[in-house]
Amino acid sequence: MAETIRINENTWRIEDGSVRFYLFCGTEKAALIDSGMNVPEAREIAEGLTSLPLIMINTHADPDHISGNGSFDEFYMSPAEEENYRDHGGKGKLLPVREGDIIELGGRSLRIIDIPGHTPGSIAILDGKNRVLVSGDSVQDGNIFMFGKGRDIGLYIKSLEHLLSDHDGQYDEIYPMHGTFPVMPELVGKCLEGAREIQKGNASGRNVKIFGNPVCLYRFPYAGFFCASV
Ligand SMILES: [Zn+2]
């Protein structure tokens, strides 16, 4: 059973075991940001918390983020993520969102920031007024999946550089989909440093298995990365 926790007057997090998703309410609309791994009833949960018209936004389309999408006819997502979404059986109409787009909830504007790398169409969502960044899986203190189809550590590094150079100072807290809630903005620079060390071949990892796949886990004090085994 997913657990619903109120963060403040108009924001909730829904904890689904090892993954979480969020409900952000404005004055005119509410947005569900992701829909968990085992929560086909995500829409009903959200509708139990708000009577506002509800929209769906996905940070990316790995299967632990889309389980409740089936009850939405349409959803906002990066078009670069559509292949990943359909590969996981995702249905409905993709409403494309790109870098700089604003989704207006009424007194609460959500700005889309493209941060590909973890997946081809990963996005972060900046709630500037409330000084919160929703980071999806890309900035978190658990282990970030960077092996297999569509993952690109070079792009990931560029995306975190973009967050640092263009959005630093615009948020006080990061809301991730895994690991500790919330995490602090400093984690962006730390994850960037870790990814750079892996790319340069300076990090030492250990071989582990994930879903039967041999991968290499690079664990730093602040976060970890599952990468292709070397
Ligand atoms: Zn995930």
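Residues numbered from 1 in each chain as written. Predicted model: local features only at pLDDT ≥ 70, side-chain atom pairs only at ≥ 80, totals over all residues. Heavy atoms only, no water.

Visitor: What exactly am I supposed to notice about the overall build of the chain here?
Guide: Along the backbone of the chain there are four helices and 16 strands. Its C-alpha radius of gyration of 17 Å places the chain within 12% of the 17 Å reference for a compact globule of 230 residues. In terms of its C-alpha atoms, the chain occupies a principal-axis envelope of roughly 50 × 40 × 30 Å. A burial count over the chain gives 53% of its 230 residues as buried. (Helix = DSSP H or I, 4+ residues; strand = E, 2+ residues; numbered from the N terminus. Rg over C-alpha atoms; globule rule 2.2 N^0.38 Å. Buried < 20%, exposed > 50% of the residue type's maximum accessible area, 1.4 Å probe, protein only.)

Visitor: How do you make sense of the coordination of the zinc ion when you look at a structure like this?
Guide: The textbook angles at a metal center are 109.5 degrees for a tetrahedron of four donors and 90 or 180 degrees for an octahedron of six. Around the zinc ion, the protein contributes the donor atoms Asp64 (OD), His65 (NE2), Asp137 (OD) and His178 (NE2), which lie 2.1 to 2.2 Å from the metal centre. What the four donor atoms of the zinc ion show is an angle range of 86 to 167° at the metal, which sorts the shape as irregular. Judged by its relative accessible area of 0%, histidine 65 is buried. (Donors = N, O, S within 2.8 Å, 3.2 Å for Na, K, Ca; no water. Tetrahedral: all angles 85-135°; square planar, octahedral: opposite > 155°, others 65-115°.)

Visitor: Could you clarify how one ought to interpret the sheet that holds strand E10 (residues 123-127) in this entry?
Guide: The strands making up a sheet associate through backbone hydrogen bonding, with each pair oriented either parallel or antiparallel. If you trace the five strands from one edge of the open sheet to the other, you get E8-E9-E10-E11-E13, paired in mixed fashion. Strands at the two margins of the open sheet, each flanked by one partner only, are strand E8 (102-104) and strand E13 (173-176). Adjacent strand axes in the sheet meet at a mean angle of 25°, parallel and antiparallel pairs treated alike. (Pairing = 2+ DSSP bridges. Axes fitted to C-alpha atoms, helices over the stretch in contact; angles between N-to-C directions.)

Visitor: What is the right way to read the pattern of salt bridges from this model?
Guide: Two side chains of opposite charge can pair, provided their charged atoms sit close to one another. Under the definition given, this model contains 11 salt bridges. Where arginine 20 meets glutamate 15, a salt bridge forms, and the shortest distance between an N and an O atom there is 2.7 Å. Notably, a salt bridge pairs aspartate 87 with lysine 149, separated by 2.8 Å at the nearest N-O pair. Taken together, the positions of aspartate 87 in helix H2 (residues 82-87) and lysine 149 in the loop between strand E12 (143-146) and helix H3 (153-167) put the pair 62 residues apart, joining distant regions of the chain. Aspartate 87 gets classed as partly exposed once you look at its relative accessible area, which sits at 48%. (Salt bridge = Lys/Arg side-chain N within 4 Å of Asp/Glu carboxyl O.)

Visitor: Quick question: what am I supposed to make of the sheet that holds strand E15 (residues 213-219) here?
Guide: Spatially, E12-E16-E15-E14 is the arrangement adopted by the four strands of the open sheet, whose pairing is mixed. Each of the sheet's edge strands pairs with one partner strand only, and the pair in question is E12 and strand E14 (206-210). Direction aside, neighbouring strands of the sheet carry axes that sit 35° apart on average. Sheet topology note: the E15/strand E16 (residues 224-228) ladder contains five bridges and is antiparallel. If you follow arginine 219 over to E16, its bridge partner there is glycine 224. The sheet strands contacting helix H4 (residues 186-200) are E12, E15 and E16, and the helix crosses E16 at an angle near 30°. (Contact = heavy atoms within 4.5 Å.)

Visitor: Hey, could you run me through H4 in this one?
Guide: Since the α-helix advances by 3.6 residues per turn, residues separated by three or four positions end up pointing in the same direction. Across its 15 residues, H4 extends 22 Å between first and last C-alpha, which sits within 8% of the 21 Å expected from 1.5 Å per residue. Buried residues of H4: Leu187, Val188, Cys191, Leu192, Gly194, Ala195 and Ile198, and no others. For H4, the buried positions fall inside an angular range of 165° around the axis, keeping them on one side. Every exposed residue of H4 that faces more than 90 degrees away from the buried side is listed here: Glu186 and Lys200. Of the surrounding secondary structure, the elements contacted by the buried residues of H4 are E12, H3, E13, E15 and E16. Residue glycine 201 follows H4 closely and has a positive phi angle near 85°. (Expected span 1.5 Å × (residues − 1). Arc of directions from axis to C-beta.)

Visitor: Can you help me understand unusual backbone geometry in this one?
Guide: In most cases, non-glycine residues show a negative phi, while peptide bonds are predominantly trans. In this chain, phenylalanine 181 is followed by proline 182 through a cis amide linkage whose omega measures -20°. Within the element layout of this structure, proline 182 appears in the loop between E13 and H4. Although it is not a glycine, arginine 131 adopts a positive phi angle of roughly 55°. One can find arginine 131 in the loop between E10 and strand E11 (132-136).

Visitor: How do you make sense of helix H1 (residues 42-49) when you look at a structure like this?
Guide: Taken as a whole, H1 has its buried residues at Ala42, Ile45 and Ala46. For H1, the buried positions fall inside an angular range of 95° around the axis, keeping them on one side. More than 90 degrees from the buried face of H1, the exposed residues found are Glu44 and Gly48. In the core, the buried residues of H1 are packed alongside strand E1 (3-8), strand E2 (11-16), strand E3 (19-25), strand E4 (30-33) and strand E5 (54-57).

Visitor: How should I be thinking about the pairing of E2 in this particular structure?
Guide: One face of the sheet, then the other: side chains in a regular strand alternate in exactly this way. Where burial is concerned, most of E2 is hidden: six out of the six residues are buried. Because side chains alternate across E2, one face comprises the buried residues Thr11, Arg13 and Glu15, and the other comprises Trp12, Ile14 and Asp16, equally buried. Taken together, the five bridges between E1 and E2 define a ladder with antiparallel strand orientation. Residue pairing in the sheet places asparagine 8 in a bridge with threonine 11 of E2. Hairpin remark: E1 followed by E2, antiparallel, with two residues in the connecting loop. As defined by bridge partners, E2 adjoins E3 across six bridges and the pair is classed as antiparallel. Looking at the pairing, tryptophan 12 lines up with leucine 23 of E3. Counted between consecutive antiparallel strands, the loop separating E2 from E3 contains two residues, among which glycine 17 sits at a positive phi close to 65°.

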